[in-house]
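Now for the letters of each chain:
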Amino acid sequence: DSSALPKLALAVELLDTRHDKYMRLLAELDASRELEPAAAIELCGRCSTRADALEHFAVGAKARLLEIDAHLRSNDHAAAAGAAASLWPTLGACRPGDMYWPEALWILHRAFEAGGDLGTSQTVLIQAAQWIEQAALPHVPAAFCDAFLHRNATNRAVLARARNPHP
């Protein structure tokens, strides 16, 4: 079995909710990526509620993003777009914790695009591409630039779509 789910389930089990609620939430969110969309949506919703109750708002933002991604995986474009529209305005004040910023933007871009909001979709995509090329790339050592731009799946997808916005 090539799934990471058994190891992630063990990590979740080992993280005692009494002592490290933050790390347990992050482990559960990592596990959600391996679940079927319906189960991932349910888990991410529970994690979002718990994170907000603990005032771990950045983890709550990550949970909502992964929930949006699960809606996209289930082809529920209306739910993905609606959740993206609710989350997008809040990310200026609180970025998702333990998540690569262009990945967060890529999820939002796809949700807005799937929901037919092409203007916001394009705005989000441009922000992701600019962050990769202007904020991060100047700090990447020359020996790693090719990997950063071409082998990082998120960067590759964002930059390809930014260059060809209508596939």
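Structural data are supplied above this passage.
Structural notes, computed from the coordinates. Since the model is a prediction, treat every value here as computed from it, not as a measurement.

1. Some thoughts on the side chain of Ser48
Its place among the elements puts Ser48 in helix 3 (residues 37-53). Beyond its immediate sequence surroundings of up to four residues, Ser48 is in contact with Gly60, Ala63 and Arg64.

2. Notes on the packing of aromatic side chains
In the structure shown here, the tally under the stated rule is one aromatic pair. The interplanar angle of 80 degrees and the centroid separation of 5.6 Å between the aromatic rings of Tyr100 and Trp131 together place this pair among those described as edge-to-face. Taken together, the residues Tyr100 in the loop between helix 5 (77-87) and helix 6 (101-114) and Trp131 in helix 7 (residues 118-136) connect sequence positions 31 residues apart. On the basis of relative accessible area, Trp131 is assigned to the partly exposed category, the value being 25%. Taking the ring centre of Trp101 as reference, the NZ or CZ of Arg95 above it sits at 4.0 Å.

3. Some points on the pattern of salt bridges
Proximity of charged atoms lets side chains of opposite charge pair with each other. Tallied over the full model, the rule gives twelve salt bridges. One salt bridge in this structure joins Arg46 and Glu42, with 3.0 Å as the shortest N-O distance. Highlighted residues: Arg46 and Glu42, both in helix 3, separated by four residues, approximately one helical turn. Between Arg64 and Asp52 there is a salt bridge whose closest N-O contact spans 3.1 Å. Taken together, the residues span a long stretch of sequence, with Arg64 in helix 4 (residues 57-73) and Asp52 in helix 3 at a distance of twelve residues. Linked by salt bridges that have partners in common, Arg24, Glu28 and Arg50 make up one network.

Cut-offs applied
- Residues numbered from 1 in each chain as written.
- Predicted model: local features only at pLDDT ≥ 70, side-chain atom pairs only at ≥ 80, totals over all residues.
- Heavy atoms only, no water.
- Helix = DSSP H or I, 4+ residues; strand = E, 2+ residues; numbered from the N terminus.
- Contact = heavy atoms within 4.5 Å.
- Phe/Tyr/Trp six-rings, centres within 6.5 Å; stacked < 30°, edge-to-face > 60°.
- Buried < 20%, exposed > 50% of the residue type's maximum accessible area, 1.4 Å probe, protein only.
- Lys NZ or Arg CZ within 6 Å of the ring centre and 35° of its normal.
- Salt bridge = Lys/Arg side-chain N within 4 Å of Asp/Glu carboxyl O.

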